[in-house]
Amino acid sequence: MTHTEGRADSQNLVDIFNAALVAVDPYNAVLKAVKVEGDQLHIACAKYNLEAFDRIIVVGAGKATARMALAIESLLVSKIDEGLIVVKDGHTAPLFIIKQVESSHPVPGEAGVAATLSILEMAHAAGEKTLLICLLSGGASALLVAPVAGVTLQDKQEATRWLLNAGASVAELNAVRKHLSMVKGGRLAQAAYPAQVV
């Protein structure tokens, strides 16, 4: 192999790596799954008539959620009335409408609790003519955190640490978290009823 061939192989590897990053970028993934055509919002196979809603709210949590929210903002521009997402520390994006709060991961933190309680307030205030778009990505179970009555944040932190140290899988960890939460297991959607939740 010549020096020039080695350089070409190295460049091919860099190109492949960069193409892989573009392919899995949350911004691009949302733009592939969501379209706006006139007054119709298309998400995967579902259609929503935007004219049927008085308000559009965007909420969510996860390590990739800021990039997802950036894509939603680019699609819905001024149609979004308010929004709030919880992201892992250092995982923000330059959003204009949707607010973002950074919190700790994988052990939940106070910032996540405060933001989640604000998200719950938005959900409870949502009416029949509200479209609530919920963006979730990996890490949401630690970032979207609102302990049920009788459970403290410290209790959730200790349970998370104990399970992580015991080698619990993510599925096992989330099964426990669901029972300690006011938002997991469909409770966020219940809080938003009768709004349309996507």
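Here we summarise the structure given alongside this text. (Residues numbered from 1 in each chain as written. Predicted model: local features only at pLDDT ≥ 70, side-chain atom pairs only at ≥ 80, totals over all residues. Heavy atoms only, no water.)

## As for the side chain of serine 103
As for its placement among the helices and strands, serine 103 is situated in strand E6 (residues 99-103). A polar atom in the side chain of serine 103 sits 3.0 Å from the backbone nitrogen of glycine 112. (Helix = DSSP H or I, 4+ residues; strand = E, 2+ residues; numbered from the N terminus. Polar contact = N/O pair within 3.5 Å; in protein donor to acceptor, adjacent residues only side chain to side chain.)

## Describing the sheet that holds strand E5 (residues 82-88)
Strands sit in the order E6-E5-E4-E7-E8 across an open sheet of 5 strands; the sheet is parallel. Each having just a single partner strand, E6 and strand E8 (196-197) make up the two edges of the open sheet. The pairing of strand E4 (residues 55-61) with strand E7 (residues 130-136) spans 7 bridges and is classified as parallel. Of the residues in E7, the one forming a bridge with alanine 61 is leucine 136. Strand contacts of helix H3 (residues 65-76): E4, E5, E6 and E7, with the helix running at about 145° to E7, the strand carrying the most contacts. Helix H4 (residues 110-125) rests against E4, E5 and E6 of the sheet, and its axis sits at about 155° to E5. (Pairing = 2+ DSSP bridges. Contact = heavy atoms within 4.5 Å. Axes fitted to C-alpha atoms, helices over the stretch in contact; angles between N-to-C directions.)

## Concerning the packing of helix H2 (residues 26-33) against H3
Contact geometry of H2 with H3 gives a least axis separation of 7 Å together with a crossing angle of 45°. Our classification of the angle between H2 and H3 gives oblique. Of the two possible hands of crossing, H2 and H3 adopt the one that is right-handed. The residues of H3 that touch H2, namely those facing Pro26, Tyr27, Val30 and Leu31, are Arg67, Met68, Leu70, Ala71, Ile72, Ser74 and Leu75. A class-by-class count of the residues in the contact of H2 with H3 yields 9 nonpolar, 1 polar and 1 charged. (Parallel < 35°, antiparallel > 145°, perpendicular 65-115°, else oblique. Left-handed = near helix turned anticlockwise from the far one by under 90°. Nonpolar A, V, L, I, M, F, W, Y, C, P; charged D, E, K, R; others polar.)

## Considering the state of the cysteines
Tallying each qualifying case throughout the model produces 0 disulfides. Here cysteine 45 stays unpaired: no disulfide links it, and the sulfur of cysteine 134, its closest cysteine neighbor, is 19 Å away. (Disulfide = S-S within 2.5 Å.)

## Things to note about the nonpolar core
Here is a general trend for soluble globular proteins: nonpolar side chains tend to be buried in one another's company. Counting 25 residues, the largest nonpolar core has Leu41, Ile72, Leu76, Leu131 and Ile133 as its most contacted members. Contributing elements (two or more residues each) for this core: strand E2 (40-43), E4, H3, E5 and E7. By residue number, the principal contributor to this core is H3, which donates 7 residues. Counting residues in hydrophobic clusters, the runner-up holds 22 residues, among them Ala115, Met122, Ala140 and Leu144. (Core = buried A, V, L, I, M, F, W, Y, C linked by side-chain atoms within 4.5 Å. Buried < 20%, exposed > 50% of the residue type's maximum accessible area, 1.4 Å probe, protein only.)

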